[in-house]
Amino acid sequence: MELQNKKEISGKVSKIGFILLIIGAVLVGASFMANKERAFFDYLIMYMFIISIALGSLGLVALEYLVGANWSTPFRRISEFLSSIIPLLILLVIPIILGMHDLYHWTHKEAVETDAILKGKEPYLNTQFFYIRLGIYFVVWFLFFIGFIKNSTNQDKDGNVIYTKRNTTLSTIFAPVFMITLTFCAIDLMMSLEPHWYSTIYGVYYFAGTIVAGFASLTLISVLLKQNGYLDPRIGNDHFYSMGTMMFGFNIFWAYIAFSQLVLQWYADIPEETFWYMMRWEGSWKYVSIGLLFFHFVLPFLILLPRSVKTNLNRLKVMSIWLLVAHYLDLYWLIMPTYTHKAGLHGPVFGWNELGFPLVIIGLFMIIFRRRSMKNNLMPVKDPKLEAGLNFHL
Amino acid sequence: MIKKIVNIFKKVNEDQNPWKDEKSDKVYAVAALFNTPDEIIHAAEKVSNSGYNDFDVNTPYPVHGMDDAMKLKPTRLGWFSFALGLTGTLTALGMIFYMNGIDYNNIIGGKPFFNFPSSVPVTFALTILFTGLTTVGVLIALFSKLPWLNNPLLDSEYSKATSQDKFGIYIKSTDSKFNQSEIETMFSSLGSSAVSLIYDSKVNEKKIKTPIFETGFIKILIGVGVGTAVITYFTLNWVIFQMPFDWMVIQPKVLPQEKSKIFADGFGMREPVPGTVARGFMPYEYKGMPDSLVKLLANPLPVNEKTLLTGQKRYDTYCSPCHGNYGKGDSRLRGQFPNPPTLMSEKVLNWTDGNIYHIITNGQNVMASYAKQISRDDRWAIVHYIRALQRSQNAKDSDLN
């Protein structure tokens, strides 16, 4: 059977994306002019969010091969398209490199000299090694990304099973590599904002958020495509139900990990650990912390629990947007307190300075998605598992 | 051994099964077997489309798409689970709140008596437990219609096949459209590999006995109980102290009463830094002083219901094991310990509050100091309570007014 894109994704998508990107970029520029330090922190939030979606999506692609899932095959391209921002990561990191001094306390030579703890961590936390590590992550991610995408798109031509086999092997190697690089990436870029503090579960925490973001963006785009008639009519409730379930499940996983981190530090009650939470509890940060609990976990949990929500496209769409916003809030909660604390503010800051960054993200992904969809099929048309995936029923 | 157990079960089964070989000639259902999941989906679709609704499907494993094919309504089971899961959550929180927060306050790691974080794991576990058990319970009660232990399908070739590698469907004779020959032809036209009739069971009332009271079964039950107990005992008392399970047990930390090389005097336990006071503890300046000086200490607490209740609580917890519930020195410890004296003696009656407080704080001979366990205010509350006990047992007529 010949399965091709029925319609091509309208040029409006990239136009709107472009407009958003421009507005966002202008606002971001203004934000840098107005308050350079604050803007660097906002930029880091944006950057981590992009990594979440890029790597989360690549992780989902790998996961599908790893476990041999059928149901998600019709959607794999969507995740592939989203992960196509990976080559850009190296460009996008430049502002962070420029803002190292504003962001990371451990880059202050004079502070490290007088600080026994930072001195002890110096063999790991120093700028040279930091750049080397970032370089390693980018190269590794890029190579795997190219590998997966090449095999997947080549299969569109002849449907050879060998590509599936190759990607399965690749995903077996990628699974541990993914976990390790993502863990260290989270430690380097986010945890080292507070170089005195550490949590051994931090990497898993970020990973949990990443996978939620990966599933939420996949769900959001699939629902939008479905509603606009781009997807095969055989894709129905059972597919979306499964997607909703995965989103729901990994969101619980996030809560589980977040709680595990909290309860251990709360129990031990050692000042060198608890100050990190105290920073997120001082002033009105308290309400952000409590809000995160409800917004990221309690409410989505209750809303996504009934089956009817997971099979209703509109509600699913709302929930996937919700979880993406929740992940953004999560990153804000992880990163911003370092800034407000340094700036002597006793509460979160939010204003026009922050608004440009999400626009840039949305714009970037819209443009990239549309560009990739012009070059490739929206479905892996010759994938041997596609037929089974389309006919999937619970 | 295993063979023996299996035989016991077999025997129980054969002797006890009141339905064995007792089929009536009333048709219960028409059943058909199919070889592949696709065939069974097709058959289920056909049956539900033909307007039957009293039918069911048996497969060796869950078949995708069956819900749609059978036109099943979404199950309500989820709501039961949710409701009872919520009950579990509230039970756990309520239990912890009452036990830790109200009934039996214990300071653990300096945390508030009731606190949310440490309640979460138990709450989580109880929620899962309630949800799991009720889901299974409701499933059994609603859908398997317990306590009815038999189903005409059992002991049929049909059931044997569907629990191995065949996919079966049957339409019950209670269906409004039931017509035996019509259904048989429909099944064969669908390509069934075997169409059969299932007959209702004829129950032999006399034979119905509860197999739980069989000696064989009881023997197994006792065996399992003893076995579990022995294994648990050895696991907890021996296995966990062997390599590598002891890796977490032995930790390079100083335990109470242990030596430590870190300090010059070799003691692991330390005195507080001179001039400091632990939180919540006021130093007692009258340590070891004679009664005459102590006498003058006045009870700072007012006598009211609250202090008396606290005093009662603390007294019952800390003092009553020795001095008895009413302070008469008649506790169950009598004879096993230097006899604790009565607190109703002339001597104690004539003491000032300060004297009693001094003894709780300082101790006297074999009675140790309770200053570390009981806060200052609570000690004074106990004194009030002892006074109340004394008065109640030497009540004068005027007290009635």
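These notes cover the structure that comes with them. (Residues numbered from 1 in each chain as written. Chains lettered and ligands numbered in written order. Predicted model: local features only at pLDDT ≥ 70, side-chain atom pairs only at ≥ 80, totals over all residues. Heavy atoms only, no water.)

Here we take up the overall build of chain B. Summing up its helical and strand segments, chain B has 13 helices and four strands in all. The C-alpha radius of gyration computed for chain B amounts to 37 Å, which surpasses the reference 21 Å derived for 401 residues by more than 25%, pointing to a less compact arrangement than a globule. Residue burial in chain B is summarised as follows: out of 401 residues, 29% are buried. Within chain B, counting contacts between residues at least 6 apart in sequence, those at least 24 apart form 70% of the total. Accessible surface for chain B amounts to roughly 27,400 Å². Of this, 62% is attributable to carbon and sulfur atoms. Between the centroid of the 42 positive side chains of chain B and the centroid of its 37 negative side chains there is a distance of 8 Å. (Helix = DSSP H or I, 4+ residues; strand = E, 2+ residues; numbered from the N terminus. Rg over C-alpha atoms; globule rule 2.2 N^0.38 Å. Buried < 20%, exposed > 50% of the residue type's maximum accessible area, 1.4 Å probe, protein only. Contact = heavy atoms within 4.5 Å. Areas by Shrake-Rupley, 256 points an atom, 1.4 Å probe, with all protein chains shown as cover. Lys, Arg positive; Asp, Glu negative; His and termini not counted. Charge placed at Lys NZ, Arg CZ, Asp CG, Glu CD.)

Of the regular secondary structure elements, chain A holds 18 helices and zero strands. In summary, chain A has a C-alpha radius of gyration of 21 Å against a globular reference of 21 Å for 394 residues, a match within 12%. A principal-axis box enclosing the C-alpha atoms of chain A has dimensions of 70 × 40 × 40 Å. Across the 394 residues in chain A, those meeting the buried criterion constitute 55%. Taking as baseline every contact in chain A between residues at least 6 positions apart, the subset at least 24 positions apart corresponds to 83%. With the model as given, the accessible surface of chain A reaches about 16,400 Å², and the carbon-plus-sulfur share is 70%. Distance between charge centroids for chain A: 12 Å, based on 31 positive and 25 negative side chains.

Residues and elements named next belong to chain A. It is at 8 Å that the axes of helix H11 (residues 202-227) and helix H16 (residues 313-342) come closest, and there the two elements cross at 150°. When the interaxial angle is binned, H11 and H16 end up roughly antiparallel. Of the two possible hands of crossing, H11 and H16 adopt the one that is left-handed. In the contact of H11 with H16, the residues fall into 17 nonpolar, eight polar and three charged. (Axes fitted to C-alpha atoms, helices over the stretch in contact; angles between N-to-C directions. Parallel < 35°, antiparallel > 145°, perpendicular 65-115°, else oblique. Left-handed = near helix turned anticlockwise from the far one by under 90°. Nonpolar A, V, L, I, M, F, W, Y, C, P; charged D, E, K, R; others polar.)

Turning our attention to the pattern of salt bridges. All names here are of chain B. Going through the model one piece at a time under the given rule, you end up with 21 salt bridges over all chains. Residue Asp-200 pairs with Lys-26 through a salt bridge whose shortest N-O separation is 3.2 Å. In this pair, Asp-200 is assigned in strand S4 (residues 194-201) and Lys-26 in strand S1 (residues 23-34), connecting sequence segments 174 residues apart. Of the residues examined, Lys-26 reaches a relative accessible area of 52% and is grouped as exposed. A salt bridge links Arg-270 to Asp-265; the shortest N-O distance between them is 2.9 Å. (Salt bridge = Lys/Arg side-chain N within 4 Å of Asp/Glu carboxyl O.)

We now examine the packing of aromatic side chains. A complete count under the given rule lists 43 aromatic pairs over all chains for this structure. Arranged with centres 6.5 Å apart and planes meeting at 80°, the rings of Tyr-43 of chain A and Phe-357 of chain A form a pair that is edge-to-face. You can see Tyr-43 of chain A sitting in helix H2 (residues 36-67) and its partner Phe-357 of chain A sitting in helix H17 (residues 352-375), a full 314 residues away along the chain. Residue Phe-357 of chain A is classed as buried on the basis of its relative accessible area, which comes to 0%. Aromatic side chains Phe-49 of chain A and Tyr-328 of chain A sit 5.3 Å apart centroid to centroid with 65° between the ring planes, which places their arrangement in the edge-to-face category. Of the two residues, Phe-49 of chain A sits in helix H2 while Tyr-328 of chain A sits in helix H16, which places them 279 residues apart along the sequence. Residue classification places Phe-49 of chain A among the buried residues on the basis of a relative accessible area of 6%. Joined through ring pairs, the aromatic side chains of Tyr-65, Phe-144, Phe-148, Phe-174, Phe-178, Phe-207, Phe-215, Phe-250 and Phe-253 of chain A make up one cluster. Lying over the aromatic face of Trp-333 of chain A, Arg-280 of chain A brings its terminal NZ or CZ to 5.5 Å of the ring centre. The lysine or arginine in question, Arg-270 of chain B, covers the ring of Phe-263 of chain B, its NZ or CZ lying 3.9 Å from the ring centre. (Phe/Tyr/Trp six-rings, centres within 6.5 Å; stacked < 30°, edge-to-face > 60°. Lys NZ or Arg CZ within 6 Å of the ring centre and 35° of its normal.)

Further remarks concern the pairing of strand S3 (residues 167-172) of chain B. Residue and element names in this part refer to chain B. The element S3 is largely enclosed, with a buried count of five among its six residues. As judged from the four bridges shared by strand S2 (residues 55-58) and S3, these two strands associate in the antiparallel manner. When the bridges of S3 are listed, Phe-55 appears paired with Ile-171. (Pairing = 2+ DSSP bridges.)

Below, the discussion takes up the interface of chain B and chain A. Where interface size is quoted, it is often the accessible area lost as the parts come together. On the side of chain A, ten residues touch chain B, which itself brings twelve residues to the contact. Buried surface at the junction of chain B and chain A, summed over both partners, amounts to about 1,100 Å²; 73% is from carbon and sulfur atoms. It is His-64, Lys-111 and Pro-117 of chain B in chain B that bury the most area against chain A; as a group they hold 42% of the surface buried on that side. Connecting chain B to chain A are one salt bridge. (Buried area = accessible area lost by both parts, 1.4 Å probe.)

Take the side chain of Thr-338 of chain A next. Residues and elements named next belong to chain A. Within the fold, Thr-338 resides in helix H16. Under the relative-accessibility criterion, Thr-338 is labelled buried at 5%. At a separation of 3.1 Å, a polar atom in the side chain of Thr-338 contacts the side chain of Glu-194. Setting aside chain neighbours within four positions, we find Thr-338 in contact with Phe-41, Leu-193, Glu-194 and Met-279. (Polar contact = N/O pair within 3.5 Å; in protein donor to acceptor, adjacent residues only side chain to side chain.)

With that out of the way, let us pick up a nonpolar patch on the surface. Taken together, Phe-213, Ile-218, Leu-221, Ile-222, Val-226, Val-230, Tyr-233, Phe-234 and Trp-238 of chain B make up a surface patch of nonpolar side chains, about 970 Å² in accessible area. Within the secondary structure layout, Leu-221 of chain B lies in helix H8 (residues 215-237). (Patch = residues over 30% accessible without salt bridge, like charges linked within 9 Å, V, L, I, M, F, W, Y side chains within 5 Å.)

Everything listed here is a matter of coordinates, which is why it stays silent on function.
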